[in-house]
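Breakdown of the fold
Here is how the chains run, residue by residue.
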Amino acid sequence: MSALLAEVPYWGQSLLRVLGGIVAVLLPAGTIVYIFLFKMMSFMQSRLGPMEAGPYGSMQLFAEVGKWLQKEDIVPERADARIFKMAPVIVLLSTFLLVAVVPFGPDAWFTDFETGIFYALAVSSISVLGILIAGWSSANKYSLLGGLRAAGQLIAYELPMVLAVIGVVIQAETMNLQKIVVAQNSGSMFGIDTFGHPYVISQFIGFVIFMIAIQAELTQAPFDMPIAESELVSGYMTEYSGFRFLIFFIGEFATAGVFAMIASVLFLGGWGVPFSWFGWTSIDSIDNWMNVVGPLIMFTKMMLLVFIIMWIRFSYPRLREDQLQRFAWKGLIPVALLNIAVTSILKVVF
Amino acid sequence: MIAQNIGFWIIAVLMVVSALRVVTTNNVVHAALWLVVVLAGAAGQYILLAAEFVAITQVLVYIGAVMVLFLFGTMLTRARIGAESDLNNSYKKLGIPVGLVMLVAMGLALTRSFGDEKLPESAKVVSIQEVSDQIFGPYLLPFWALSFVLLAAVVGAIVLARKD
């Protein structure tokens, strides 16, 4: 964005960045909800899903948003009203902060943080705070239980997520997401540089751990203990209605999209194509059309990863609380630590 | 440096007000949330000092982990909604003087050691390589000592939590 917007004044750049951020959060969220939640789930359950609103039900989402917006904004009588109203905003805020570091093309980025991936992991943990206080302030035992379950789960699965990322950082020798993309697309495997070096191959264990961890971070089944509808009504979201529920709903799927984008940057080469295809040598020699094609490549990879997340979500039954915690602490974390050790030894040796 | 100064004072006032609210509010969870504002303000100040890595660490460790565990603990045991009357206790008389002494001591230490020294006009963002070179170079011993203290805390927690 630096080169593209060199002549635009600072306030104009900031405005464009905010608009771009809103698009980058809401567009994937809407697409994910329509394609996966409405259609894919319906087909997996041998039904058609929404068909009335618009051709093939494609306008259903707008109908739903309109429905939510006109519902009454209910706050329970004994709830802590101010905090109750604040909680969904904190959850959505973390999503918007998260998208700020994702690169979409050689010049199409919002911020070029030197510590990009570290920043992403830090701000993603802010949403836990929103979920916890949503559960507490509702003055509802189900909500509180849901909030506590969510906090326990999100803390447990944040660790393997961070540890899985360290493997990638060691290989790329940088925390800058843009440089991680370049490192993957300009690298070579076993002397063959036709395909670049997507870390999904050399960091396959890290990739699997990261995907499991984001499945849990997004509280998608089989990790949906915090909103288990058969036990807790709807967990920390039980008391929310109308617009505030909509914010939680957008937050859930927008975060799924952003996490999938980060996973595609870390493991699938992000917006890039192997640089050797077009004879590019560094990030500065990339042609300008990549700023248009790059976001599309990124979007495709994101949809692929969200497809995997949703496929698992609609296929597996819920884990029990103790199974869930044991899986994180005794399964994922030791494997992730071993992965770091092996990666760093191989990095030094080769 | 004008913009940074304005930013500093806005955040500083916000931090002081929030810090006072932490001790004057009559609800445990509200106090914890005001503390989140104080800690986020500290992260903001680090960013103004071009210490990106420290700022992000502050968010990850204090807001993402410490405060979440703090809230988790209080909500699991005793956090009620609405005002609580039994939050104040007699240690207040001891606490206020100790707090003031700490403020004076830290203020003196800062002014004595830095004096009129000013930050460079265009502060350079310190890269993570430089941070890690410092930690694993001259500050290796303090780093090890900290790791040892944390290890001791983990062992202690396990000993307390074990039933047999």
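Residues numbered from 1 in each chain as written. Chains lettered and ligands numbered in written order. Predicted model: local features only at pLDDT ≥ 70, side-chain atom pairs only at ≥ 80, totals over all residues.

**Here's the deal with the overall build of chain A**
Put simply, the test is: Here a strand is any run of E in DSSP of at least two residues, a helix any run of H or I of at least four, and the numbering for each starts at the N terminus. Just to be clear, the radius of gyration here is over C-alpha atoms, and the globule rule we use is 2.2 Å times residues to the power 0.38. By the convention adopted here, residues make contact when the C-beta atoms placed from their backbones lie within 7 Å.
Broken down by element type, chain A carries 13 helices and zero strands. What you see in chain A, going N to C, is helices and strands ordered as α-α-α-α-α-α-α-α-α-α-α-α-α. Against the globule reference of 20 Å for 350 residues, chain A gives a C-alpha radius of gyration of 21 Å, in line with a compact fold. By principal-axis analysis of the C-alpha atoms, chain A measures approximately 65 × 50 × 45 Å. At a minimum sequence separation of 6, the contacts of chain A that also span at least 24 residues come to 81%.

**Looking at the domain arrangement of chain B**
For the record, the criterion: Where each domain starts and ends follows an automatic or database-derived domain assignment.
Here the domain parsing of chain B yields domain 1 (1-83) and domain 2 (126-164). The distance between the C-alpha centroids of domain 1 of chain B and domain 2 of chain B comes to 23 Å.

**A look at the interface of chain A and chain B**
The condition is simple: Residues were grouped as follows: Ala, Val, Leu, Ile, Met, Phe, Trp, Tyr, Cys and Pro as nonpolar; Asp, Glu, Lys and Arg as charged; and all remaining residues, including Gly, as polar.
Counting residues at the interface gives 22 residues for chain A, matched by 21 residues for chain B. Element by element, the count of residues in the side of chain A that touches chain B is highest for helix α5 (residues 126-137) of chain A, at six residues. Of the residues assigned to the side of chain A that touches chain B, the class counts are 17 nonpolar, two polar and three charged.

**Concerning the confidence of the model for chain A**
How we decide: Values of pLDDT, which run from 0 to 100, indicate the predictor's confidence residue by residue.
Mean pLDDT over chain A: 84, with 96% of residues reaching 70 or higher. Mean pLDDT per element in chain A: helix α10 (residues 229-232) of chain A is the minimum at 77, and helix α9 (residues 204-217) of chain A is the maximum at 90.

**Digging into the confidence of the model for chain B**
All names here are of chain B. Overall, the predicted model of chain B reaches an average pLDDT of 85, with 96% of residues at or above 70. Element-level mean pLDDT values for chain B span from 84 in helix α5 (residues 128-135) up to 91 in helix α6 (residues 140-161). Both scores are available for the predicted complex, with the pTM at 0.86 and the ipTM at 0.80.

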